[in-house]
Structure formats: structure tokens, C-alpha cells
Amino acid sequence: EGSGSIISPIDNFNKFSPWFLRCVGLVVAGIDRESGENISFMSHLDPEEFFSSRMADSISQLNNQQLSEIKARCIAGTIDAVIVGGSYSDTSLQQGYLDLIALLSKQTQKSLGFEPVVVLGPKKAYCAEDIYYDNKLKQLYVVKLETNSNINAFSAGDVEQYKDKFLK
């Protein structure tokens, strides 16, 4: 994959991040107190590179900073957070997926007071997907070749309860 981990700025622009193979994305959006506009940021995190990198602490710190900043900038009660992407296609990817979901859940819970929702769950095949977030409409689009119809959306903290369904 080689794209590494990327975290966008918080702004009112649409977000697009292509080529999620094993990567996991966090999209957080809310309504800005000053402008009244929707603002958002997106994290594109590669679990393999993230957990084996010297940069893991600084990437994690930046993600925490973005969560704190969006909370400070947004009207209370308008913030949403979702997790997308990831692959559970082989045993080498499974623990990294679970660990990254747990980390993002913990960070979001600590900063925003709620867990993000995991939409669609991880892919059971190793194939790419593209993520597009329409900031104005607050709509997330995931373009993928295959979905796992055995999984509906779930709270990130419940990932361990759902992991047996990821490969079915």
C-alpha cells in the first residue's frame, strides 16, 4: 500500500482518500460555532505502518489534537464520527485492524465523549476502496468492489464481538 498515515486539516472542504487496502479511516464532522458551516477532518491510517513506525506516537498525538480541536470549534451535539475501511482478509492483518479500531475508539471516546460507529466493517478480501466525504451534505461514500453483507454498522467498542463475522 505504501501510502502511510495521513490526517487532513479541519476545514469545510470535501474529503477524498483513495486506495484503502488495509488502511482504516476516521471521519469526524460537526457544525462550526462561528461560521455555521459543516467542518470535518479525515484520518487515513495504515495499521501495519502505524504500529511498526517510529511515527506512531506523533500520528496518534496529531489525531488526538484534531479531535480536541474539532470539539472546541463545533456546536455541542453536532459532531459525528465514523470509521471506514480496513481488511480482515488474512491473519497478518487481523490484529492490526482490531488494535487500530480500539485505539480510534479510545481516542474518540476520550475527546468527544462517544465512540465512533464502524460502517460496513472490514473487507474480507484484499481489494481497494475509495472514501469520499461530502462535507456540505454530511454524506460519506465508500466505493468498493465487494461488501460483507454479514456485518451492519456497530460501535467501535464492540469490535471484538463482531470479529467472528468478518470472514463469513
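Residues numbered from 1 in each chain as written. Predicted model: local features only at pLDDT ≥ 70, side-chain atom pairs only at ≥ 80, totals over all residues. Heavy atoms only, no water.

Caption draft 1: Up close: the sheet that holds strand S8 (residues 139-144). One open sheet holds the three strands; their spatial order is S2-S7-S8, and the pairing between them is antiparallel. Each edge of the open sheet is held by one strand with a lone partner, namely strand S2 (15-20) and S8. Recorded for the sheet is a direction-independent mean angle of 10° between the axes of neighbouring strands. (Pairing = 2+ DSSP bridges. Helix = DSSP H or I, 4+ residues; strand = E, 2+ residues; numbered from the N terminus. Axes fitted to C-alpha atoms, helices over the stretch in contact; angles between N-to-C directions.)

Caption draft 2: View of the sheet that holds strand S9 (residues 154-155). One open sheet holds the six strands; their spatial order is S1-S4-S3-S5-S6-S9, and the pairing between them is mixed. Strand pairing shows two members of the sheet lacking a second neighbour, strand S1 (6-7) and S9, which therefore form its edges. Where strand S3 (residues 24-31) and strand S4 (residues 38-45) come together, eight bridges link them in antiparallel fashion. When the bridges of S4 are listed, Val28 appears paired with Phe41. Each of S1, S3 and S4 touches helix H2 (residues 56-73); the most contacted strand, S4, lies at about 165° to it. (Contact = heavy atoms within 4.5 Å.)

Caption draft 3: The pairing of S3, seen in detail. Within S3, seven of the eight residues are buried, which leaves the element mostly enclosed by the surrounding structure. Linking S3 back to S4 in an antiparallel pair, the connection comprises six residues, with Gly36 at a positive phi of about 75°. Relative to strand S5 (residues 80-85), S3 runs antiparallel, the two being bridged by six bridges. Considered in S5, the bridge of Val28 is made with Ala81. (Buried < 20%, exposed > 50% of the residue type's maximum accessible area, 1.4 Å probe, protein only.)

Caption draft 4: View of the nonpolar core. Formed by 30 residues in total, the largest nonpolar core has its most connected members in Val28, Ile70, Ile83, Tyr97, Ile101 and Phe166. Elements represented by at least two residues in this core include exactly S3, S4, H2, S5 and helix H3 (91-112). Apart from residues lying up to four places away in sequence, Val28 is in contact with Ile39, Ser40, Phe41, Leu67, Ile70, Ile79, Asp80, Ala81 and Leu112. Core analysis: the second largest hydrophobic core is formed by nine residues, Cys23, Ala29, Met42 and Val82 among them. (Core = buried A, V, L, I, M, F, W, Y, C linked by side-chain atoms within 4.5 Å.)

Caption draft 5: Seen up close, unusual backbone geometry. Positive phi values are uncommon outside glycine, yet Trp19 reaches one of about 65°. Mapped onto the elements, Trp19 comes out in strand S2. Positive phi, close to 55°, is recorded for Lys138, a residue that is not glycine. Along the polypeptide, Lys138 turns up in the loop between strand S7 (129-134) and S8.

Caption draft 6: View of the environment of Lys15. Assignment of secondary structure puts Lys15 in strand S2. Discounting residues that sit within four places of it in the chain, Lys15 has contacts with Ser8, Pro9, Ser40, Phe41, Met42, Ile131, Tyr132 and Tyr133.

Caption draft 7: Representation of the confidence of the model for the protein chain in the model. Looking at the protein chain, pLDDT values average 88 and 92% of them are 70 or higher. Across the protein chain, the element-wise mean pLDDT spans from 81 in helix H1 (residues 47-52) up to 97 in S3. (pLDDT = per-residue confidence, 0-100.)

Caption draft 8: Main features of the packing of aromatic side chains. Tallied over the entire structure, the rule returns three aromatic pairs. Arranged with centres 6.1 Å apart and planes meeting at 80°, the rings of Tyr88 and Tyr97 form a pair that is edge-to-face. The class of Tyr88 is buried, set by a relative accessible area of 5%. (Phe/Tyr/Trp six-rings, centres within 6.5 Å; stacked < 30°, edge-to-face > 60°.)

Caption draft 9: Looking closely at the pattern of salt bridges. Summed over the entire model, instances satisfying the criterion amount to nine salt bridges. Residues Asp46 and Arg22 are paired through a salt bridge, measuring 2.7 Å at the closest nitrogen-oxygen approach. Taken together, the residues Asp46 in the loop between S4 and H1 and Arg22 in the loop between S2 and S3 connect sequence positions 24 residues apart. Between Arg73 and Asp32 there is a salt bridge; the shortest N-O distance is 3.5 Å. Remark: Asp32 occurs in the loop between S3 and S4 and Arg73 occurs in helix H2; sequence separation between them is 41 residues. With a relative accessible area of 7%, Asp32 lands in the buried category. Within the structure, one salt-bridge network assembled from shared partners comprises Arg22, Asp46, Glu48 and Glu49. (Salt bridge = Lys/Arg side-chain N within 4 Å of Asp/Glu carboxyl O.)

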